Amino acid sequence: MINVIYSRIIEVYLWGHKKNSCKMFNKFIASILPYFPKKFIWIFSRSYIAGESMADAIRESKDLNSKGIMVTLDVLGEFIKTLDEAEENKREYLELIEEIQRSGIKGNFSLKPTSFGLLIDQEACYRLMREIVAKAAGYNSFCRIDMEDSPCTDMEIALYRRLHAEFPKNVGLVVQAYLKRTHSDLEKMLNMNTPGIPTNYRLCKGIYIEPAAISYKKYEEINQHYLEDLEFMFKNKIYVGIATHDKPLIEGAYELIRKYNVPKNMYEFQMLYGVTPKLRQSIVDAGHAMRVYVPFGKKWFGYSTRRLKENPKMASHIIKAIFNKG
Ligand SMILES: Cc1cc2nc3c(=O)[nH]c(=O)nc-3n(C[C@H](O)[C@H](O)[C@H](O)COP(=O)(O)OP(=O)(O)OC[C@H]3O[C@@H](n4cnc5c(N)ncnc54)[C@H](O)[C@@H]3O)c2cc1C
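Here is what the cut-offs are and how they apply
- Residues numbered from 1 in each chain as written.
- Predicted model: local features only at pLDDT ≥ 70, side-chain atom pairs only at ≥ 80, totals over all residues.
- Heavy atoms only, no water.
- Near = heavy atom within 4 Å.
- Polar contact = N/O pair within 3.5 Å; in protein donor to acceptor, adjacent residues only side chain to side chain.
- Areas by Shrake-Rupley, 256 points an atom, 1.4 Å probe, with all protein chains shown as cover.
- Buried < 20%, exposed > 50% of the residue type's maximum accessible area, 1.4 Å probe, protein only.
- Helix = DSSP H or I, 4+ residues; strand = E, 2+ residues; numbered from the N terminus.
- Pairing = 2+ DSSP bridges.
- Right-handed = clockwise from strand over helix to strand, strands pointing away.
- Phe/Tyr/Trp six-rings, centres within 6.5 Å; stacked < 30°, edge-to-face > 60°.
- Lys NZ or Arg CZ within 6 Å of the ring centre and 35° of its normal.
- Salt bridge = Lys/Arg side-chain N within 4 Å of Asp/Glu carboxyl O.
- Axes fitted to C-alpha atoms, helices over the stretch in contact; angles between N-to-C directions.
- Contact = heavy atoms within 4.5 Å.
- Expected span 1.5 Å × (residues − 1).

**Considerations on the site of the ligand**
Right, on to step 1. Around the ligand, 24 residues are found, and the nearest of them are Met147, Lys205, Gly206, Thr244 and His245.
Right, on to step 2. At a separation of 2.8 Å, a nitrogen atom of the ligand approaches a polar backbone atom of methionine 147.
Right, on to step 3. A distance of 2.7 Å separates an oxygen atom of the ligand from a polar atom in the side chain of histidine 245.
Right, on to step 4. For the ligand, the accessible surface in isolation is 930 Å², of which the surrounding protein chains cover 80%.

Below, the structure written as structure tokens:
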């Protein structure tokens, strides 16, 4: 039965290409995948997710560390429904911080505020995340607040500002180049950047589908703003995690690093687990710091299918993964 479904999908894929209707095909796949057996979704998810357990994440992190690559760990579990789930997520992070410390892994932590109840109770979310950041700070480690979709942006900036006031060395934020507001957000947060303790942002394109009124849509436009935001950060001596797999952006970043003579302790490149490993290695070989985002956890199924709904473009990556695995 499953073979029939596979061949039907491949047929539709080829048809989609022929008709140049990739967008429609991607949407179609994204909408039906949540109804597929978990095993099927795992075929592609395993390329992008370290595994279900902490032991899986530790093993993959050690492997990346052995290649000279740092990690940032993400326990999957965003968009929860109750604060009990938020508590549970916090407990998992506290355990993870201990475990990373014990195993000597070169890594830090990425946190999605909705995993800690941002959309249920902002104050409770702050308290839970504060506990995690405080624990990480106790080990001189670092927590990155991931940026989620636009209804969360103001709340996530506010959360960052509050945590940063108490832990300026141990917490950073993600900014999304596709949002029209990002440049102005960076300007507003400039007063948080102090000599000796630079603010620390991860710059990414942004993964959610956002309304055209508030976001750039075209590839060229997004890339242009990405490089403008990056230049702004270099000029203002902000630490930046250059998060992209896009070769032209990586080359643009190299140029800016040369132009501003940016010291190696003021930036790193970042990529997602399992994505463009050859390009990643070329950056490491060129002598730049690299960090890989390693998601793991029991909630991988919800994470994968939600990602697909948010961005059906991912469907073509799934198909590629299926073909690659034969
Ligand atoms: C470390 C890290 C953390 C991130 N954190 C956030 C966050 O907090 N909030 C947020 O909104 N977004 C986040 N993102 C996602 C980001 O916003 C982009 O959606 C994603 O990185 C793809 O953009 P790109 O810059 O690689 O360029 P693209 O133009 O999308 O991709 C360039 C090329 O990279 C390859 N590629 C990209 N993604 C994949 C993939 N999944 N599988 C296979 N190949 C791929 C393809 O070959 C593609 O042609 C993060 C990304 C990274 C690397």
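**Focus on the pairing of strand β7 (residues 267-272)**
Right, on to step 1. With five of six residues buried, β7 is to be regarded as a mostly interior element.
Right, on to step 2. Two elements, strand β6 (residues 239-243) and β7, share four bridges in a ladder whose sense is parallel. If you follow alanine 243 over to β7, its bridge partner there is glutamine 270.
Right, on to step 3. With respect to chirality, the unit in which β6 leads through helix α10 (residues 247-259) into the neighbouring parallel β7 is right-handed.
Right, on to step 4. As paired elements, β7 and strand β8 (residues 290-296) share four bridges and run parallel to each other. Following the sheet pairing, glutamine 270 is matched in β8 by arginine 291.
Right, on to step 5. Since β7 and β8 lie parallel, the crossover through helix α11 (residues 277-285) that links them has a hand, and here it is right-handed.

**Brief notes about the packing of aromatic side chains**
Right, on to step 1. Tallied over the entire structure, the rule returns six aromatic pairs.
Right, on to step 2. Aromatic pair phenylalanine 234 and tyrosine 267: ring centres 6.4 Å apart, planes at 75°, arrangement edge-to-face. Of this pair, phenylalanine 234 sits in helix α9 (residues 219-235) while tyrosine 267 sits in strand β7, and the two are 33 residues apart along the sequence.
Right, on to step 3. What makes tyrosine 267 buried here is its relative accessible area of 1%.
Right, on to step 4. Pairing tyrosine 267 with phenylalanine 269 gives two aromatic rings, centres 6.1 Å apart and planes at 90°, and the pair type is edge-to-face. Considered together, tyrosine 267 and phenylalanine 269 belong to a single accessibility category, that of buried residues.
Right, on to step 5. Taken together, the aromatic side chains of Phe234, Tyr254, Tyr267 and Phe269 make up a single cluster linked through ring pairs.
Right, on to step 6. When the ring centre of tyrosine 126 is taken as reference, the NZ or CZ atom of arginine 162 above it lies at 3.6 Å.

**Here's the deal with the pattern of salt bridges**
Right, on to step 1. For the structure shown, the criterion picks out 19 salt bridges.
Right, on to step 2. With a closest N to O distance of 2.9 Å, glutamate 123 and arginine 162 form a salt bridge. With a gap of 39 residues between them, glutamate 123 in helix α6 (residues 122-138) and arginine 162 in helix α7 (residues 153-166) connect regions that are remote in the sequence.
Right, on to step 3. On the accessibility criterion, glutamate 123 (37% relative accessible area) is partly exposed.
Right, on to step 4. In this structure arginine 162 comes out as partly exposed when scored by relative accessible area, which is 39%.
Right, on to step 5. Across the pair lysine 259 and glutamate 231 runs a salt bridge, and its minimum N-O distance is 3.2 Å.

**Here we look at the sheet that holds β8**
Right, on to step 1. Sheet architecture is closed into a barrel: eight strands sit in the order β1-β2-β3-β4-β5-β6-β7-β8, paired in parallel fashion. With direction set aside, neighbouring strand axes in the sheet form an average angle of 30°.
Right, on to step 2. Here strand β3 (residues 143-145) pairs with strand β4 (residues 171-176) via three bridges, running parallel. Among the inter-strand pairings, cysteine 143 is bridged to a residue of β4, identified as valine 171.
Right, on to step 3. Helix α4 (residues 54-66) contacts β1 (70-75) and β8 of the sheet and is inclined by roughly 165° relative to β1.

**Considerations on α9**
Right, on to step 1. Across its 17 residues, α9 extends 24 Å between first and last C-alpha, which sits within 8% of the 24 Å expected from 1.5 Å per residue.
Right, on to step 2. When α9 is considered as a whole, its buried residues turn out to be Ile222, Asn223, His225, Tyr226, Asp229, Leu230, Glu231, Phe232, Met233 and Phe234.
Right, on to step 3. Those residues of α9 hidden inside the fold are in contact with β4, α8 (182-188), β5 (200-204), β6, α10 and β7.
Right, on to step 4. Lysine 237 occupies a position one or two residues after α9 and carries a positive phi of about 55°.

**As for the environment of isoleucine 69**
Right, on to step 1. Inspection of the secondary structure assignment puts isoleucine 69 in the loop between α4 and β1.
Right, on to step 2. A sequence separation of 37 residues divides isoleucine 69 from lysine 106, and the C-alpha atoms of the two residues are 8.2 Å apart.
Right, on to step 3. Aside from chain neighbours lying at most four places away, what touches isoleucine 69 is Leu64, Arg280, Val284, Met290, Arg291 and Val292.

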